[in-house]
Amino acid sequence: MLRNKGYIIQLETLMQQKQAMPGARELIHAFQIESICYLILTERSSVTVDEILNQLEQCGIHGVREENLYTSTMAAVEYIVAHDKKAINVDYIGGKGIRQVLTDTGFHITHHQPQYFFVGMDRNLSYDEYQDVFTQLRKGSQLVSVDNRRIQIVRMLEYASSVKAMNFGCGTKVLLKYASSHLPYSCSEIIMIGNRFKKDIVPALQLGMLTFYVAGSEEMMKQGINDELHPDYILDDLTGLLR
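Keep in mind that this is a model prediction, so the values were computed, not measured.

Caption draft 1: Quick peek at helix α6 (residues 127-138). For α6, which comprises twelve residues, the first-to-last C-alpha distance of 17 Å matches the rise-based estimate of 16 Å (1.5 Å per residue) to within 8%. Among the residues of α6, Tyr130, Val133, Gln136 and Leu137 are the ones counted as buried. Down the axis, α6 shows its buried residues gathered within 120° of arc, on one side only. Of the exposed residues in α6, the ones pointing more than 90 degrees away from its buried face are Tyr127, Asp128 and Arg138. Elements in contact with the buried residues of α6: β6 (89-93), β8 (116-119), β9 (142-145) and α7 (151-161). Looking at the residues trailing α6, positive phi occurs at Gly140, about 120°.

As C-alpha cells, then:
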C-alpha cells in the first residue's frame, strides 16, 4: 500500500515506552529501500534529537537520520524567525530538547526580559519556576507552548498573565504545516500516519493530507469519528501499510 509520496509519522505510532510498535521496523526499512521521503513528528521536549534517534536504534528501528526527525520546538522557532526578525532573547522551561533547538538556531537564552518564553514538558518543575514564567509574561514575554501534554499548565499561565500562548504542540495545524515544508511535496501529496485521531488525524485532514489512523485499542466512537469527520484509512497496526 506504500505510495511514492511524502509521509509524516507521529513518533508514538512507531515507538512507545522504548518499544517498537508492530510493523514499525518494517515500515521504516521499506521507506529507506524505496527512497521514500518521510518525517517523524514529535512534541517531546524533555529529550534531544540524538536521544530520540538512539531510542529508535535501540528498539530496532534502524537508519533514521537527524533530517528525518522534526519537533514542535523546531516549528515554533521557524515561525518566530520568519515573523519576527528582531527575536533574539528567549527563555524556556521543559527540558533539554527545547534548549538544543534554541541554541542551534542562535537564540540567546536569558532570564532577563526574554522576548519569548517556551514551555514544554517537565514533571519536576517547582512552584517557584512556574512563578518565574508568570513574572516574565507580566513583563512582556510572549508565551510559546510546544508540548500539548502540559496544556493545562499553559492554560493556567494564560489565565494568570492574560497572555495568549502561541501553540505549536501536536494537534495544531501550524505544526503540520511547518513539518510539511521539509518534504518536497504539497500537503495534498503528503500522507499522515498517527494513532491519535484528534491530535494527529484531524489537523492533517484540515490541511488536505491523506490520513492513516492506527486505531489500536482506541474506541473510535469516543474519538469523535463520524460520517462527516473520519480518517481516509483505519489500520489495526502499521503492518497494514505494507500489504
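Caption draft 2: Focus on the pairing of strand β11 (residues 190-194). Burial of β11 is extensive: five of the five residues sit out of reach of the surface. In β11, alternate side chains face the same way, and those of Ile190, Met192 and Gly194 on one face and Ile191 and Ile193 on the other are all buried. Looking at chain direction, strand β1 (residues 6-10) and β11 are connected through four bridges and run parallel. Within β11, the position partnered with Ile9 by the bridge is Ile193. Two strands pair when backbone bridges link them, and β11 and strand β12 (residues 210-214) are joined in this way by four bridges, in the parallel orientation. Bridge pairing in β12 places Ile191 opposite Leu210.

What counts, and where the lines are drawn
Each residue is numbered by its place in its chain's sequence as written, counting from 1. Whole-chain, interface and lining totals are the exception, using all residues; otherwise, since this is a predicted model, local features are given only for residues with pLDDT of at least 70 and side-chain atom pairs are given and counted only at 80 or more. Side-chain measures here rest on the full set of heavy atoms in the structure, leaving out hydrogens and waters. To qualify as a helix, a DSSP run of H or I must reach at least 4 residues; to qualify as a strand, a run of E must reach at least 2; elements of each kind are numbered from the N terminus. Every helix has an expected span of 1.5 Å times one less than the residues it contains. Type-normalised accessible area, obtained with a 1.4 Å probe on protein chains alone, sets the label of each residue: buried when under 20%, exposed when over 50%, and partly exposed for intermediate values. Summarising the geometry, the arc corresponds to the directions from the helix axis toward the C-beta atoms. Whether two residues are in contact is decided by their heavy atoms: any pair within 4.5 Å suffices. Two strands make a pair as long as DSSP finds a minimum of two bridges between them.

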